[in-house]
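Listed here are the chains, written in short residue letters.
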Amino acid sequence: MPEFIQNFELTAWWILAIKLIVVLTVVPVGALAGGYALHKVMAHLQHRLGPMYAGGFHGWAQTLADGIKFVLKEDIIPEKADKPVFKYAPAIIFIPILLLYLVIPVDRRLIVQDLDVGLFYLLAVSSIPAIGILMAGWSSANKYALIGALRSAAQLIAYELPIVLSAATVAMLAGTLSVVGIVEAQDWPFLFWPPGIGLIAFIIFFAGSVAEMNLPPFDMPVAESEIITGAFTEYSGMRFIFGYFFAETAHMIAFSGLAVTFFLGGYRPIVPWEPLTVIPGIVWFMLKLFVMVFLYLWVRPTFPRLREDQLQKFAWKGLIPGSLGLILVAGAWILYAPEWLWH
Amino acid sequence: MALDEREVQREMDAAAHKLRKEKKRTYGIGLLKGLAVTLRHLFKHNTVIEYPDVKQDLPSRTRGVIALKEENCTVCMLCARECPDWCIYIDSHKETLPPKRAGGRPRKRNVLDRFAIDYALCMYCGICVEVCPYDALFWSREFEYAEYDIRELTHEKEKLSDWMATVLPPPALEEGALLPGQPEPPAPAAPSGDGAAAVPAGDTGAAEMKPASAARPATQTASAAEVRPEQAADAPKAPSAVQEPAGSEHEQAPAPAATSATQVEEGQPPTKAETEAPAGSAAATEPEAQTRAVRESGDSPSATARGEATGEIETPAPAAVPTPTEDPDEVYETVLKDQLEAGSSPQVAEARAKVARVKAERGVRRAPTPIETEKKVPSAPVTGHFTEPVPGGAPAAEEPKPEQGPVEPTDEEKGPDG
Amino acid sequence: MTQIRTPEDVAREVAEGGLATQQMILNVGPQHPATHGVFRLLATIDGEILAEAEPVIGYMHRGYEKLVEARDYRQITNLVSRMDWLSGFNNELPLAMALETLMEIEVPPRAQWLRVVMLEMNRILNHLMFFASFGAELGAITPTFYAFREREDIQLAMESATGGRMHFGFMRPGGLKEDVPRGFIAQALKSVRQVIARLDQYEDLLVGNEIFKQRTVDVGVLSREQVMSYGVSGPIARGSGVSDDVRKDEPYLVYDRFDFNVPIGHSGDCFDRFWVLVHEVVESARIVEQAIEGLPAGPVLGKVPRVIQAPEGEVYVRAENPLGELGYYLASDGDRRPYRLKIRTPSFNNVSVLPEVLRGTFVADMIAILGSFFFVLGDIDR
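Residues numbered from 1 in each chain as written. Chains lettered and ligands numbered in written order. Predicted model: local features only at pLDDT ≥ 70, side-chain atom pairs only at ≥ 80, totals over all residues. Heavy atoms only, no water.

When helices and strands are counted, chain A shows 12 helices and 0 strands. Starting at the N terminus and ending at the C terminus, chain A contains elements arranged as α-α-α-α-α-α-α-α-α-α-α-α. At 20 Å, chain A has a C-alpha radius of gyration in line with the 20 Å of a compact globule built from 343 residues. The buried share among the 343 residues of chain A stands at 54%. Contacts in chain A between residues far apart in sequence, at least 24 positions, make up 77% of those at least 6 positions apart. The averaged location of the 23 negative side-chain charges in chain A is 8 Å from the averaged location of its 20 positive side-chain charges. (Helix = DSSP H or I, 4+ residues; strand = E, 2+ residues; numbered from the N terminus. Rg over C-alpha atoms; globule rule 2.2 N^0.38 Å. Buried < 20%, exposed > 50% of the residue type's maximum accessible area, 1.4 Å probe, protein only. Contact = heavy atoms within 4.5 Å. Lys, Arg positive; Asp, Glu negative; His and termini not counted. Charge placed at Lys NZ, Arg CZ, Asp CG, Glu CD.)

What follows is the structure in structure tokens.
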């Protein structure tokens, strides 16, 4: 490995600047690619072809063209809207999603900043977008937007907890809050060991993240057939795409990265076989990331959406007690499982 | 089925039971099943037609756009009058022609100045095509004529005439259809239809099976007589047609055998024939010739039924039993390729290839017909694709009569026509 | 059903130290994805609960009943097929039957059987459409595409015979416009069998889905009494356990010759209505198969005078539209035009019961209920 990669975690200002530039380019490109994947995977699941024209080969430039179109569109702000709040809400939704990318380790050393409290940071930052949605819905002066915003807020409270608790389980088992440390602490078969605990934690995390990102089947805050994309009813042009489309895909990729990091062994090879370590960790990470993104995209068009009260019931009566119980089980495992079972 | 109270009750109970079963909790199995369904579709062959690149083969009856055969229009205004939303605009002036003979009276004639259809208003009901007594309007399956301005959707007669090139010959009818000239079969299941459509067979004119599109007027006549039999009966002059005298050797065959024979001859796989067997067997109770008859149906039925346009062409039906000599699909491919190379538009090439295939299916040996020898598609008026109407006259001399497999169509044509 | 708070309740709660809340009027429509057209629901909501819902119709009123008085019967046939645009052929039938009754035209058997084939294919088309839209309204967009794929095959078969994809214009008083083209029967059988073969997948996708059941079971319950008092008909009435199908009760055409069941629901909730709809597809497909099997040969048009001119008289003819009972009351004074044509459309009666069903439900349930009421705007407003 070249030396400068070895020392990638150095904190000289210019290295930090390079890192930030990389993140700032990777995230939009990733979001565009994610959007394209969304188009294509959903289309093929639905027995369609999806975009086929823009760019020539299977419409690869479709999301790019969409983005340009949205940027060029008129930015309409309703007369009765609370204008500053209305204007800045998309930023408040999008920036925290960018911040999520800072602590996702793409390789052992390819991380912007390996914080000691990386997990805390992630969970704290990931819940900020809901505030932006609330702002957007409230300031739009639209009834549908208001309903959507309130649903979003209610959903945030219900689903932040399961995510935190399932991540806490992972941190307990890893014995660290550092994201790289969590990856390093995992061993093959990542998700399935300790038996049951990892898998259940993963399922809870998955359900919680789907709800947090407002993806179907938990997309009540933006349900387009009920309340017409909820908080974003009044948005148009660039604010719409940053607040909604871009944020959605960027969020989805970020959470896929988190799930890979917490449960699927991050950048490490899928089987502990020596020759496989030749393949750089970033390849493994991307491979696992694709699987996770596909999971999100697969669930998305298949299921109908729940009702808001049913979702709350599911969270408070199912996921939260489940994840609490899981913490107990994980604690018991840490305390009482014999040493040879650990690896 | 009689409405039996107990039966209804039983049905209701069964249904309610089934409902209860389906409402039972299944704990996530249903979710997984749903995921399996979508995943399976991910790997299935996609059936999407990529429209601007690939075009769907629409049926020939498709009501896409109305095409005008300008030469046939006599400015009778029937279409404009019958249109439910009055979207047809016709202007004309009277022209005085010199007398035919010296000392005769000068003749007056309507000349069409403007024929426009406002497709922004048109509801595509097809009444105008149906009422036109002179076969001047046809349905084309063309549909790409969108405009940026609603006013430009009013298409004038030049554009309408251009569409004539895309009009397809009417399709053959399903087995069991009543053909003109046939006595009505005894209705097996239901009360008979009051002897409708018994067109006197002796009335046959315009009889020979010409290549489908070349013989358009004749087949139009046929379809008219067959679809509107009562009108044909009303108008004794209406020429009807004789069906293709095919399959007479099957006439005495037992029904299932005859059916399958028919199916196989149509080039369908035997399994297909089996699936169709019920339909075929019903049809097989009819005179076999009827089930075999390949007959064109028109999309402007009432047209010649009134006997105004077409005169009688006294032609005895040719008696030869044609046998298929070429593979229809192969013929289709060849002709399509030839036509495209010759510079025909894709639609026209396709239409001609289809004509060739139909001929091949009927066992009609293909002769170089005017359509196929003609290289370019003229805009309007279109010649060759449809022959001139034959008001009281013989068909155009170049029309071939390919049942007898002529190589020189002109001579053969003249022979039986007398 | 959730308790709706009256203003007095709110006043009492405020007196007890509660939050002063007020009801909000939410305009659902006229442009809203859940209303399938320009249909407006004036919903008074208390939080997410509907206190009152008032359907406002008429945005698409085209004056059919007056319009037909200035059109002759041939034109009317094409007009009424645009009333309920999802089932054009079913709309044309009762009018043709009314004229046949008045003019004493005998319809040849082949025409009758072919009519049944096309009516039931049209019913499948209609039901698949609502299958698709119901899924989409509940957030599952995938069934839409699958259903439209099947619809495409059936529509192509119908197009090969009639030339139209939605407005077939194939019905004539006394029979059909012309006979079907060669290959139609094979195509029809194939497309219909394909629907049956794939229906299991669809049931896995929606009917068996736990989330779908959560959204539909015991939601929007329509009682038998409400069905009776509002004149609800079709799959919605049958979903409530009312065995009411004109095809069985008063068999017209040749429906008495076919063996088919009328799926009947039990509890009258959204799930039962949807279940009835899905299973009617199966029954319709069975009828198509039987009708094709027994298709007699012969003409497809009876002895019809050149100008269709109903003699003086009055007649009411009803038939089973995919959405319910469709009736035409035709009064003729012997002209080429009807003197009066009263149209009884199923959707109109069906949506009139909506306020009763919607009261006290959630906003999200409102979408499910609207979706399970299977209405076509043109059929309501006409």
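The discussion continues.
Okay, the overall build of chain B next. The secondary structure content of chain B amounts to 16 helices and 5 strands. Going through the 418 residues of chain B one by one, you find that 53% of them count as buried. Expressed as a percentage of contacts within chain B between residues at least 6 apart in sequence, the contacts between residues at least 24 apart total 75%. Summed over its atoms, the accessible surface of chain B is roughly 19,400 Å², and 56% of this surface lies on carbon and sulfur atoms. (Areas by Shrake-Rupley, 256 points an atom, 1.4 Å probe, with all protein chains shown as cover.)

Looking now at the packing of helix H9 (residues 197–212) of chain A against helix H12 (residues 308–336) of chain A. Residue and element names in this part refer to chain A. Taken N-terminus to C-terminus, the directions of H9 and H12 make an angle of 150°; their axes are 10 Å apart at the nearest point. In this view, H9 runs roughly antiparallel relative to H12, as classed from their interaxial angle. Every pair of crossing elements has a handedness; the one defined by H9 and H12 is left-handed. Contacts between H9 and H12 involve Ile197, Ile200, Ala201, Ile204 and Ala207 from the former and Leu319, Gly322, Ser323, Leu326, Val329, Ala330 and Trp333 from the latter. Its residues assigned to classes, the contact of H9 with H12 comprises 10 nonpolar, 2 polar and no charged. (Axes fitted to C-alpha atoms, helices over the stretch in contact; angles between N-to-C directions. Parallel < 35°, antiparallel > 145°, perpendicular 65-115°, else oblique. Left-handed = near helix turned anticlockwise from the far one by under 90°. Nonpolar A, V, L, I, M, F, W, Y, C, P; charged D, E, K, R; others polar.)

With a phi angle near 65°, His47(A) is a residue other than glycine that sits in the positive phi range. Inspection of the secondary structure puts His47(A) in the loop between helix H2 (13–45) and helix H3 (62–72). One non-glycine residue, Tyr124(B), lies in the positive phi region at around 55°. Within the secondary structure, Tyr124(B) is located in the loop between strand S3 (107–118) and helix H4 (127–131).

This part takes up the nonpolar core. For soluble globular proteins, the rule of thumb is that nonpolar side chains tend to be buried together. Ranked by size, the top nonpolar core spans 139 residues in total, and within it Met121(C), Phe184(C), Tyr255(C), Phe258(C), Phe274(C), Met366(C) and Phe373(C) carry the most contacts. The element that contributes the greatest number of residues to this core is helix H5 (residues 109–137) of chain C, accounting for 15 residues. Looking at which domains feed residues into this core, each of domain 1 (7–56) and domain 2 (70–380) of chain C gives three or more. Residues Ile104(A), Val183(A), Ala207(A) and Phe285(A) belong to the second largest nonpolar core, which totals 92 residues. (Core = buried A, V, L, I, M, F, W, Y, C linked by side-chain atoms within 4.5 Å. Domains from an automatic or database assignment.)

Bringing the state of the cysteines into the picture now. Tallying each qualifying case throughout the model produces 0 disulfides over all chains. Cys83(B) supplies the cysteine sulfur nearest to Cys87(B), a cysteine that is in no disulfide, at a spacing of 3.7 Å. (Disulfide = S-S within 2.5 Å.)

Once that is clear, we can look at the interface of chain A and chain C. The interface is formed by 23 residues belonging to chain A together with 34 residues belonging to chain C. Summed over both partners, the interface of chain A with chain C comes to about 2,500 Å²; 59% of that surface belongs to carbon and sulfur atoms. At the junction of chain A and chain C, the tally comes to 1 salt bridge. With a closest N to O distance of 2.8 Å, Arg307(A) and Asp365(C) form a salt bridge. The tally of links from chain A across to chain C stands at 11 residue pairs in polar contact (both at pLDDT 80 or more). (Buried area = accessible area lost by both parts, 1.4 Å probe. Salt bridge = Lys/Arg side-chain N within 4 Å of Asp/Glu carboxyl O. Polar contact = N/O pair within 3.5 Å; in protein donor to acceptor, adjacent residues only side chain to side chain.)

Residues and elements named next belong to chain B. Topologically, Met77 is positioned in the loop between strand S1 (65–68) and helix H3 (78–82). In this structure Met77 comes out as partly exposed when scored by relative accessible area, which is 33%. As for Met77 and Tyr89, which are separated by 12 residues in sequence, their C-alpha atoms are 9.2 Å apart.

Right, let's get into the sheet that holds strand S1 (residues 24–28) of chain C. Spatial strand order, S1-S4-S5 (chain C): 3 strands in an open sheet with antiparallel pairing. Since the sheet does not close on itself, it has two edges, and those belong to S1 and strand S5 (49–56) of chain C, each with one partner. Neighbour-to-neighbour, the strand axes of this sheet turn through a mean angle of 20°, independent of strand direction. Pairing analysis gives 7 bridges linking strand S4 (residues 40–46) of chain C to S5(C), with the strands arranged antiparallel. Within S5(C), the position partnered with Leu41(C) by the bridge is Pro55(C). Together, S1 and S4 of chain C form the strand contacts of helix H7 (residues 143–174) of chain A, whose direction differs from that of S1(C) by roughly 105°. (Pairing = 2+ DSSP bridges.)

Residue and element names in this part refer to chain B. Here chain B averages 61 in pLDDT, while 44% of its residues score no lower than 70. Throughout residues 187–324 the model reports pLDDT below 50, and contacts reaching past four residues in sequence, or to other chains, amount to 296 contacts. Interface confidence for the predicted complex, given as ipTM, is 0.78, next to a pTM of 0.72. (pLDDT = per-residue confidence, 0-100.)

Quick look at the pattern of salt bridges now. Residue and element names in this part refer to chain C. In total, this model carries 40 salt bridges over all chains according to the counting rule given. Its salt-bridge partner being Arg336, residue Asp72 comes within 3.2 Å of it at the nearest N-O pair. Of this pair, Asp72 sits in the loop between helix H2 (64–67) and helix H3 (73–80) while Arg336 sits in the loop between strand S9 (324–332) and strand S10 (340–344), and the two are 264 residues apart along the sequence. By relative accessible area, Arg336 is classed as partly exposed at 34%. What emerges from the salt-bridge pattern is a single network uniting Glu120, Arg123, Arg238, Asp245, Arg247, Glu280 and Glu320.

Right, let's talk about the packing of aromatic side chains for a bit. Residues and elements named next belong to chain A. Enumeration according to the criterion identifies 36 aromatic pairs over all chains in this entry. Geometrically, the ring pair formed by Phe232 and Tyr244 is tilted, given 5.3 Å between the ring centres and 35° between the ring planes. On the criterion of sequence distance, the pair formed by Phe232 in the loop between H9 and helix H10 (237–263) and Tyr244 in helix H10 is long-range, its members being 12 residues apart. One exposure class covers both Phe232 and Tyr244, and it is buried. Three or more aromatic residues joined by ring pairs make a cluster, and in this case those are Phe202, Phe205, Phe206, Phe255, Phe262, Phe263 and Tyr296. (Phe/Tyr/Trp six-rings, centres within 6.5 Å; stacked < 30°, edge-to-face > 60°.)

A word on the environment of Asn209(C). One can find Asn209(C) in the loop between helix H7 (184–207) and helix H8 (210–216). Using a relative accessible area of 0% as the deciding quantity, one classes Asn209(C) as buried. Leaving out residues up to four positions away in the same chain, Asn209(C) has contacts with Thr302(A), Phe303(A), Pro304(A), Gly30(B), Leu31(B) and Asp204(C). Engagement of the side chain of Asn209(C) in a polar contact is seen with the backbone nitrogen of Ile211(C), the distance being 2.8 Å.

Residues and elements named next belong to chain A. An ideal rise of 1.5 Å per residue puts 46 Å on 32 residues; H7 measures up with 46 Å between its terminal C-alpha atoms. By the largest-angle criterion, Leu156 marks the main kink of H7, which is about 25°. A side-chain oxygen of the first residue of H7 lies 2.7 Å from the backbone nitrogen of Tyr144; this N-cap is Asn142. A positive phi of about 75° marks Gly175, the residue just after H7. (Expected span 1.5 Å × (residues − 1). Bend = angle between axes of the 7 residues up to and from the residue.)

It is worth spelling out the packing of helix H6 (residues 142–162) of chain C against H7(C) at this point. The relative placement of two packed helices comes down to the angle between their axes together with the axis-to-axis distance. Residue and element names in this part refer to chain C. Relative orientation of the contacting elements H6 and H7 amounts to 170°, with a least axis distance of 9 Å. Judged by the inter-axis angle, H6 sits roughly antiparallel to H7. Classifying every residue of the contact of H6 with H7 by side-chain character gives 14 nonpolar, 5 polar and 4 charged.

Residue and element names in this part refer to chain B. As defined by bridge partners, strand S2 (residues 88–97) adjoins S3 across 10 bridges and the pair is classed as antiparallel. From the neighbouring strand, Asp91 faces S3, where its bridge partner is Arg114. Inspection of the sheet shows S3 paired to strand S5 (residues 154–155) by 2 bridges, in the antiparallel sense. Along S5, the bridge assignment pairs Asp118 with Thr154.

With that out of the way, let us pick up the sheet that holds S3(B). Taken together, the 3 strands give an open sheet; going across it, the order is S2-S3-S5 (chain B), and neighbouring strands pair in antiparallel fashion. The open sheet has two edge strands, S2 and S5 of chain B, and neither has a second partner.

Residue and element names in this part refer to chain B. Its 14 residues give helix H13 (residues 328–341) an end-to-end C-alpha distance of 20 Å, which sits within 8% of 20 Å, the value for a rise of 1.5 Å per residue. Of all the residues in H13, the buried ones are Pro328, Val331, Tyr332, Val335, Leu336 and Gln339. Along the axis of H13, the buried positions cluster into a sector of 130°, meaning they face one direction only. In H13, the exposed residues that point more than 90 degrees away from the buried face are Glu330, Lys337 and Glu341. Once H13 ends, the next one or two residues include Gly343, with phi positive near 95°. (Arc of directions from axis to C-beta.)

All names here are of chain C. Mapped onto the secondary structure, Arg151 falls in helix H6. No salt bridge is formed by the buried Arg151, whose closest oppositely charged neighbour, Glu152, lies at an N-O distance of 7.2 Å. Discounting residues that sit within four places of it in the chain, Arg151 has contacts with Leu86, Leu125, Asn126, Leu128 and Met129.

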